Amino acid sequence: MGFTCGIVGLPNVGKSTLFNAITAAGAEVANYPFCTIEPNVGVVPVPDRRITRLTELYHPEKIVPTTLEFLDIAGLVKGAANGEGLGNQFLSHIRMVDAVAHVVRCFDDENIVHVDGAINPKYDIEVIETELVLKDLETVEKKFADAEKRSRTADKKPKLEADFYRRVKEHLSTGRLARYLMPENDDERLWLRDMHLLTNKPVMYVCNVHEKDLTAENAYVRQVREIAAVEGAKVVVVSAAVEAEIAELPEADRAPFLAGIGLKESGLTRLIHEGYDLLHLITFFTAGPKEVHAWTTHRGALAPQAAGEIHSDFEKGFIRAEVMKYADVDRFGSEAAVREKGLLHVEGKEYAVEDGDILFIRFAV
């Protein structure tokens, strides 16, 4: 699994249309709020030309790309944290995800109603963020009350914990997101992480535009980019309607279609690339005649940690990793040729795995 991404936004911004297109999962799409009640889940393979090339070279019995899981979370409205619309149940779903794709409506269409009657990306973003902050305050209040009770003992740790929750509560009460709070030590980092706060999730804004605005950004997109620049967030511009068209095409017809509208890759591919960058993820491979397999790990992961993505026994009993670079295998055309050139390296526990590495793990348990 690459990562889990929750798709959020106001009703009727194109979330379910986009979800259908990128997952072909057939989520219900309708022109009225709250047509998505439970989160629809779709798993898609991560597009990677390297796995295609490795398949050509190894002729494996099995091919396993890494995957990305999307959750289409029902449209939130003002007051969701207090139960408006379908409220709290949707907010709880966001806790499950690694990153949030916040879909923002950046197109005019009188035939598709806007829940607040006018297109205003800045206001829409503020509505969603406010609801997430209010839900986080509810979470922090509970943690604070519990820690304050425990702080009445002689143990100093609960008092420090209560003081931290008080600081988080004050921070959120000003309307600021949890991800802008700087923990001061390892304990605070742990307490913050364990709350799974909604506003501490990495976010990328997905601007849903009309097809004509895919290659020439409109004023709505520029407004979102200004907000993202302040937040240090990612922005991806897509047309959910175009993605729906692409999903209907045979694989061989997709590249010519994209070229015809001035694009090199689909919105899904750009969304995945930005998501990997947002979460500091990389892809490495295992390859042989039985299987070519793509794996995901965090940038900077050491060889034993990457081995653990394959199997926990590989991490526990890690001895060494035999490493080839994808670029070398691609250039010389075979594993044997890479070995002959002396480009296969044996690495130990301190080796930081790089994107595109092909690993063979030696281990003993």
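The structure under discussion appears in the preceding block.
Residues numbered from 1 in each chain as written. Predicted model: local features only at pLDDT ≥ 70, side-chain atom pairs only at ≥ 80, totals over all residues. Heavy atoms only, no water.

**Notes on the side chain of T286**
When you line up the elements, T286 lands in strand β8 (residues 281-287). Judged by relative accessible area, which is 16%, T286 ranks as buried. Among the polar contacts made by the side chain of T286, one reaches the side chain of W295 at a distance of 3.0 Å. Beyond its immediate chain neighbours, meaning those up to four positions away, T286 contacts E291, V292, H293, W295, I310 and L359. (Helix = DSSP H or I, 4+ residues; strand = E, 2+ residues; numbered from the N terminus. Buried < 20%, exposed > 50% of the residue type's maximum accessible area, 1.4 Å probe, protein only. Polar contact = N/O pair within 3.5 Å; in protein donor to acceptor, adjacent residues only side chain to side chain. Contact = heavy atoms within 4.5 Å.)

**Details of the nonpolar core**
Ranked by size, the top nonpolar core spans 57 residues in total, and within it L68, F70, I94, Y205, C207 and V224 carry the most contacts. Setting aside its immediate chain neighbours within four residues, V224 contacts V104, C106, P121, I125, Y205, C207 and V235. Ranked by size, the runner-up nonpolar core spans 17 residues in total, among them L137, Y165, L181 and M195. (Core = buried A, V, L, I, M, F, W, Y, C linked by side-chain atoms within 4.5 Å.)

**Here we look at the environment of V140**
Assignment of secondary structure puts V140 in helix α4 (residues 121-150). Taking the C-alpha atoms as reference points, V140 and L197, 57 residues apart in sequence, are found 8.6 Å from one another. Residues in contact with V140, not counting those within four places in the same chain, are Y165, V168, K169, L172, M195 and L197.

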